[in-house]
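So you can see what is in the structure, the chains are spelled out below.
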Amino acid sequence: MNKNYFEIIRAGINSTFQDLGRNNLYHIGIPFSGAMDNRNYLLANKLTGNNHNDPVIEFAYQGPHLKYHGDKINIAITGDVSFKIKKGDNPIDGECYQSFILENGDELDIISTNKSVYGYLAISGTFDLKFQWSSCSTNTKAKIGSNYGEKLSDNQKINVKEINNNFVIRKLNYVNTKIENIRVIKGTNFNYFSEEGKKIFFKNEFKVSKLSDRMGMRLEGKKIENIVDTNIRSEGLIKGVIQVPADGNPIIMLSDHGTIGGYPKIGVVVSADYDKLVQLTPGSKVKFQEVDLNSAETLFKLYDLETQNLISQI
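Residues take numbers from 1 onward in each chain, read along the sequence in its written order. With pLDDT at 70 or above as the cut-off, local features in this predicted model cover only qualifying residues; side-chain atom pairs require 80 or more to be listed or tallied, and sums for whole chains, interfaces and linings still use all residues. Only hydrogens and water are set aside when side-chain values are computed; all heavy atoms of the structure are taken into account.

What about the side chain of Asn-45?
Part 1 of the argument: Secondary structure elements are defined from DSSP: runs of H or I of at least 4 residues count as helices, runs of E of at least 2 residues count as strands, and each element is numbered from the N terminus. Mapped onto the elements of the fold, Asn-45 is located in helix 1 (residues 38–47).
Part 2 of the argument: In the analysis that follows, any N or O atom pair within 3.5 Å is treated as a polar contact, provided that within protein one partner can donate a hydrogen and the other can accept it, and provided that, for residues neighboring in sequence, both atoms belong to side chains. Reaching out from Asn-45, the side chain makes a polar contact with the backbone oxygen of Asn-51 at a distance of 3.4 Å.
Part 3 of the argument: Here, residues are in contact when the closest pair of their heavy atoms is within 4.5 Å. Sequence-distant contacts of Asn-45, defined by excluding residues within four places in its chain, comprise Asn-50, Asn-51, His-52, Asn-53, Asp-54, Val-56 and Ala-122.

The structure is reproduced here in structure tokens:
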């Protein structure tokens, strides 16, 4: 057995290994996958002195409770997360966007996310994982990626392949902000919908359904009327595209989405809003705001620049 490892006391609700995902495989039906909230993923790795594409543990709602065995190691948690670190009989409240040192026998209990969905745990080193198509990202529906394509489970052990001995304590003053309007560009089937349906899409609020996961976010609201055909010949899908099935309720394709689909596409979420979109919990209200392609590109460049500026502050 590797001398450095984490023992999983409680796995959490949906804890998986993720990195930046898989490029250039859509044409053979392999989803992109990768971390849902890319900014928080990148910040977690930077806080532990890792490479930007090193695997982390992504968790939803409730994270894992871990006991560490081995040489001291740095960890960091990003997102809006409540967690505790237990050293002997002395539990302390953890703080997001700050690195902490764990020593042999210490416990890390990631209790919950706060009015958000996803959080990230990075270590100062590398987990001992098998890569598939140059990525460790786990897609549990397709059974692809590390951990045999499965989420983490109770009593499992996670070996640490290497510790980078980078014990500098890093901290970033950062607060996650909520999204009010989701900006979108028109989809390729926008004209399939009635004028009233288009008006509803841009003027009405929708509610995030409980039937949402890493594959897609289902929304509930007033029906968006289709006047052409509720099914089309299957076409390629991208992350953030918004399909409208026969029931008239939009579905936003997320990181583990299928590569093709046969529902008409009314819009696409701009990349700059994706990280905040995926953090919307069931019951959240969302509203769509139209922008053109040039604006979407500018928004992405500004968001990426903001992310790089945050990284440079660590």
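Re the sheet that holds strand 1 (residues 5–10)
Part 1 of the argument: In space, the 7 strands of this open sheet follow the order 7-6-9-4-1-12-11, with antiparallel pairing throughout. Each of the sheet's edge strands pairs with one partner strand only, and the pair in question is strand 7 (90–93) and strand 11 (125–127). Pairwise comparison of adjacent strand axes, ignoring direction, gives a mean angle of 25° for this sheet.
Part 2 of the argument: Both strand 1 and strand 12 (residues 157–163) contribute to a ladder of 3 bridges, which runs antiparallel. Opposite Glu-7, over in strand 12, you have Lys-157 as the bridge partner. One requirement defines pairing of two strands: DSSP has to find at least two bridges between them. Axes, fitted as lines to C-alpha atoms, cover a helix only where it is in contact. Angles between the N-to-C directions of the axes lie from 0 to 180 degrees.

Some thoughts on the environment of Ser-99
Part 1 of the argument: Locating Ser-99 in the fold gives a position in strand 8 (residues 99–102).
Part 2 of the argument: Ser-99 sits 93 residues away from Tyr-192 along the chain, and the two C-alpha atoms are 50 Å apart.
Part 3 of the argument: When sequence neighbours within four positions are dropped, the list of residues in contact with Ser-99 reads Leu-47, Asn-74, Ile-75, Ala-76, Val-168, Ile-169 and Arg-170.
Part 4 of the argument: Within the structure, Ser-99 has its side chain in polar contact with the backbone oxygen of Val-168 (distance 3.5 Å).

Examining the pairing of strand 13 (residues 182–186)
The side chains of a regular strand alternate, residue by residue, between the two faces of the sheet.
Part 1 of the argument: In this sheet, strand 22 (residues 288–290) lies alongside strand 13 in parallel orientation, the contact comprising 3 bridges. What sits directly across from Arg-183, in strand 22, is Gln-289.

Some remarks on the packing of aromatic side chains
Part 1 of the argument: Note on ring pairs: Phe, Tyr and Trp rings are taken, using the six-membered ring of Trp, and paired if centres are within 6.5 Å. Classes follow the plane angle, with under 30 degrees stacked, over 60 edge-to-face and the rest tilted. For the coordinates displayed, the defined rule picks out 9 aromatic pairs.
Part 2 of the argument: With centroids separated by 6.2 Å and ring planes inclined at 45°, the aromatic side chains of Phe-190 and Phe-202 adopt a geometry described as tilted. In this pair, Phe-190 is assigned in the loop between strand 13 and helix 2 (195–203) and Phe-202 in helix 2, connecting sequence segments 12 residues apart.
Part 3 of the argument: Burial status follows relative accessibility: with a 1.4 Å probe on protein chains alone, a residue under 20% of its type maximum counts as buried, one over 50% as exposed, and anything between as partly exposed. Classification of Phe-190 as buried rests on a relative accessible area of 9%.
Part 4 of the argument: Residue classification places Phe-202 among the buried residues on the basis of a relative accessible area of 15%.
Part 5 of the argument: Its end group placed over the ring of Phe-167, Lys-72 keeps NZ or CZ at 4.7 Å from the ring centre.
Part 6 of the argument: A positively charged side chain is recorded as over a ring if its NZ (Lys) or CZ (Arg) lies within 6 Å of the ring centre. The angle to the ring normal must also be within 35 degrees. Across the ring face of Tyr-274, the terminal group of Lys-239 is positioned such that the distance to the ring centre comes to 4.6 Å.

Quick notes on helix 2
Part 1 of the argument: Regarding helix 2, the residues found buried are Gly-197, Lys-198, Ile-200, Phe-201 and Phe-202.
Part 2 of the argument: Buried residues belonging to helix 2 abut strand 13, strand 14 (206–208), strand 17 (241–243), strand 20 (265–269) and strand 22.

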